[in-house]
Amino acid sequence: MIKYDTVIIGSGMGGLCCAYILAKEGKRVCVLEKNRQIGGSLQIYSRDKTIFETGVHYLGGLDEGQNLNAYFNYFGLMKELKLQKLDQNGYDLISFKDDKQVYPHAQGYENFIDQLAQIFPNERANLKLYIEKIKEVCDSFPLYNLSAEKKDITAAWHLQIDSKSVINSIFKDPKLQQVIGGSNMLYAGLEDKTPFYVHALVVDSYIQSSYRCIDGSSQIAKILSTNIKKLGGEILNYSEAKTFYFNGSEIESVELTNGERIEGNTFISGIDISKTLDMVEGSHIRTAYRNRINSLENSVSSFLVNVVVKPESMPHYNHNIYHCMAPDIWTGGNYTEKTWPETIGLFTTTSSKNPDFTENFTALAYMRYEECAKWENTKSIIPNNINYRGEDYEAFKIEKAEKILDVLEMRLPGTRSKIKSYTTASPITYRDYIGSRDGSLYGIIKDYTDPLKSFITPRTKISNLFLTGQNLNLHGIMGVTVSSVVTCSDVLGNPNLIEKIKNPS
Ligand SMILES: Cc1cc2nc3c(=O)[nH]c(=O)nc-3n(C[C@H](O)[C@H](O)[C@H](O)COP(=O)(O)OP(=O)(O)OC[C@H]3O[C@@H](n4cnc5c(N)ncnc54)[C@H](O)[C@@H]3O)c2cc1C
C-alpha cells in the first residue's frame, strides 16, 4: 500500500492549494474528495445548458502587481484563467428599498472615492479617511501583502471593534454608512459581531480589482488539479474520509466510507472543523478542545434562486447587485419570517458563447439552517445519492423563491417576464454538497468581543494533523489561499514559502 507524505481531506480551494504547494516542495500528496466534482465551492453546475456557480461569483486583487495575482501566478493559474473584469466604476451596485438611487463600489482607491463623492460631495474627506483605514488594516497582515514579516496583531484595534461602529464613526451621512456596509453579505456581516478587519480585508481586495471567471470558477480547480498531477500528486474523487486510525498518538491512516484506508505521514483537513474532529475517535483529542470547537458558531447559510433567462432578453450585467429591504444593512442574518428576505445579492455569469447577454443569474438571501431542520435527515448529492426530500420541501422552496423574485421585480422591473426556468438551493443543499455541519456560507463566525476564541491555528492537538480552509484566518478565495500558505509552512517547518511564491520557478 502507498504511504503518502501528506493526505489532504477535501478538494476545496484550501485543499488544492496545499496539495500544490506540498507537491512543488517534493512531497507525495493525495487529495480525497467525497464528491464527483472537485473544488468544493468552486464547483459549477449546469441548468438549461447554462453554467451556475456554487460559491465563487467574483475575485479580488487579480490585476498585475496585486496580491491574489501573485499567488495565482505561483499556482500556475494566471496564464490560463479566463477572466472578465467587472465594471470599473461599479463592480458592486448597492441599492435600497424606496430609494431610486444606485450606489456604486468602484475599482481603484481613488475611483472608489470619486464615484461615491459624486453622490455624497460633503463626505469626500471621510471617504479618503475610510480608504486610509482599510489600507492600514490590510498592511498589518503580512501574508495579505506577500510579506514574510512576523507581526503579532493579537492586540490590534481592528480585531476588537465591529465593522458597523467603525464605518458609522467615519461617515456622517447615514445613507453612506449603509452604502459602505452594503456588500456585507460577502462576509455575512453582523452588527454585534463582525470585526472591522474582516470588512477591511474582503472589501480592499475587491476595491483593488474585481473579476469574474468566464464560464465559471471551476476552471480554478481544474487548472490546479492538472498542475498538482503534473507534480506527481493524486486526487481521488468519490473518496469520503470517515475515520482516522492511530499508531500511538499519531494518525497512521484515514478510512473512507467505502472501507479503503489511505496511509500518510501527515494529514491536512480542509473540511468543517467539527466534522474533522468527528473523525477522531476516543481520547486522542481532549474533550475541552472538542467542546471549544463545537461551541463556535458558524455563519448563517443561504437560499439561492438560480434563474435561467430567456435567450438574449437581458443584457450582460458586468456587476453584482446588493439590494437591501431592511432599514439597516447589518441585520440581514437576523431576519424574521415576515421581514425575509432583508438583503438579496444578485450575481450573473459571463458565458464565452454569449458574452453580450446574461444567460442566467443567482439571487442569494440569508437563510438559517433551522428553517430546513425538518428535512435534515434527507440527503441529496447528484449523481450518487439522490434522495427526494418530499413535497413539503418542494413547496417550501417555491414559496421562498417567489418571495425573492417579488423583491427582484421591484428592483429590476420586468425580470419575471424574462425567466425561462429556475431551480433553488437551500441550506441543506449546501450542507450535502460541501459537507459542512449546517450549510454555513463562510464557516466560523469571527467575533470582535472575543477575537481569539475564533482564531483557529493549523496545528491541532494531534501532532500530524493540520487544518486548512475557510475556518482558519479568513474565508473567500483570497483568505483560503493565504491560509494554505500558513498551513503548509507549519507542515514543512517554515521554509520561506513567500519568497518562493513571489519568485516562482
Ligand atoms: C454561496 C457562496 C458564495 C460565495 N461567494 C464568494 C465569492 O464570490 N468570492 C469568494 O472569494 N468567495 C466566495 N465564497 C466563499 C468561498 O467560496 C469559500 O470561502 C472557499 O471556497 C472555501 O474553500 P475551502 O477550501 O475552505 O472549502 P470548501 O470549498 O468548502 O471545500 C471543502 C471540500 O471538502 C469536501 N469534503 C467535505 N467533507 C469531506 C470528507 N469527509 N471527505 C472528503 N471530502 C470532503 C467537500 O465536498 C468540498 O469539496 C462564497 C461561498 C458561498 C457558500
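Residues numbered from 1 in each chain as written. Predicted model: local features only at pLDDT ≥ 70, side-chain atom pairs only at ≥ 80, totals over all residues.

**Student:** Can you help me understand the site of the ligand in this one?
**Tutor:** Not every one of the 34 residues close to the ligand is listed here, only the nearest: G10, G12, G40, G435 and G469. Counting only elements with at least two residues in the shell around the ligand, the list comes to α1 (13-24) and α13 (476-492). Each residue belonging to the shell around the ligand can be placed in one class, and the counts come to 14 nonpolar, 17 polar and 3 charged. Here the shell around the ligand spans two domains, since at least three of its residues come from each of domain 1 (3-43 + 62-76 + 214-297 + 442-502) and domain 3 (300-441). (Near = placed C-beta within 6 Å. Helix = DSSP H or I, 4+ residues; strand = E, 2+ residues; numbered from the N terminus. Nonpolar A, V, L, I, M, F, W, Y, C, P; charged D, E, K, R; others polar. Domains from an automatic or database assignment.)

**Student:** Which parts of the structure should I look at to understand the sheet that holds strand β16 (residues 343-348)?
**Tutor:** Sheets are built from strands paired through backbone hydrogen bonds, the pairs being either parallel or antiparallel. Within the open sheet, the 7 strands sit side by side as β8-β7-β15-β16-β17-β14-β18. Their pairing is mixed. Each having just a single partner strand, β8 (99-105) and β18 (419-425) make up the two edges of the open sheet. Pairs of neighbouring strands in the sheet enclose a mean axial angle of 20°, with direction left out of account. Relative to β18, strand β14 (residues 301-309) runs antiparallel, the two sharing 6 bridges. Residue pairing for β18: V307 is matched across the bridge by Y422. Contacts from helix α11 (residues 391-411) reach β7 (92-96), β14, β15 (320-324), β16, β17 (360-367) and β18, with the element oriented near 70° to β14. (Pairing = 2+ DSSP bridges. Axes fitted to C-alpha atoms, helices over the stretch in contact; angles between N-to-C directions. Contact = placed C-beta atoms within 7 Å.)

**Student:** Got a minute to help me understand the packing of α1 against α13 in this structure?
**Tutor:** Each packed pair of helices is defined by two parameters, the angle between the axes and the distance between the axes. Direction vectors running N to C along α1 and α13 enclose 45°, while the axes themselves pass 8 Å from each other. Here α13 runs oblique to α1, going by the angle between their axes. Judged by the twist between their axes, the crossing of α1 over α13 is right-handed. Contact residues: α1 offers M13, G14, C17, C18, I21 and L22, while α13 offers I477, V480, T481, S483, S484, V485, T487, C488 and V491. Of the residues that constitute the contact of α1 with α13, the class distribution is 10 nonpolar, 5 polar and no charged. (Parallel < 35°, antiparallel > 145°, perpendicular 65-115°, else oblique. Left-handed = near helix turned anticlockwise from the far one by under 90°.)

**Student:** Help me understand the domain arrangement of the protein chain, please; the structure alone is not making it clear to me.
**Tutor:** Along its sequence, the protein chain is carved into domain 1 (3-43 + 62-76 + 214-297 + 442-502), domain 2 (103-212) and domain 3 (300-441). Centre-to-centre, using C-alpha coordinates, domain 2 lies 27 Å away from domain 3. Facing the 12 residues of domain 2 at the interface are 12 residues of domain 3. Each residue belonging to the side of domain 2 that touches domain 3 can be placed in one class, and the counts come to 3 nonpolar, 6 polar and 3 charged.

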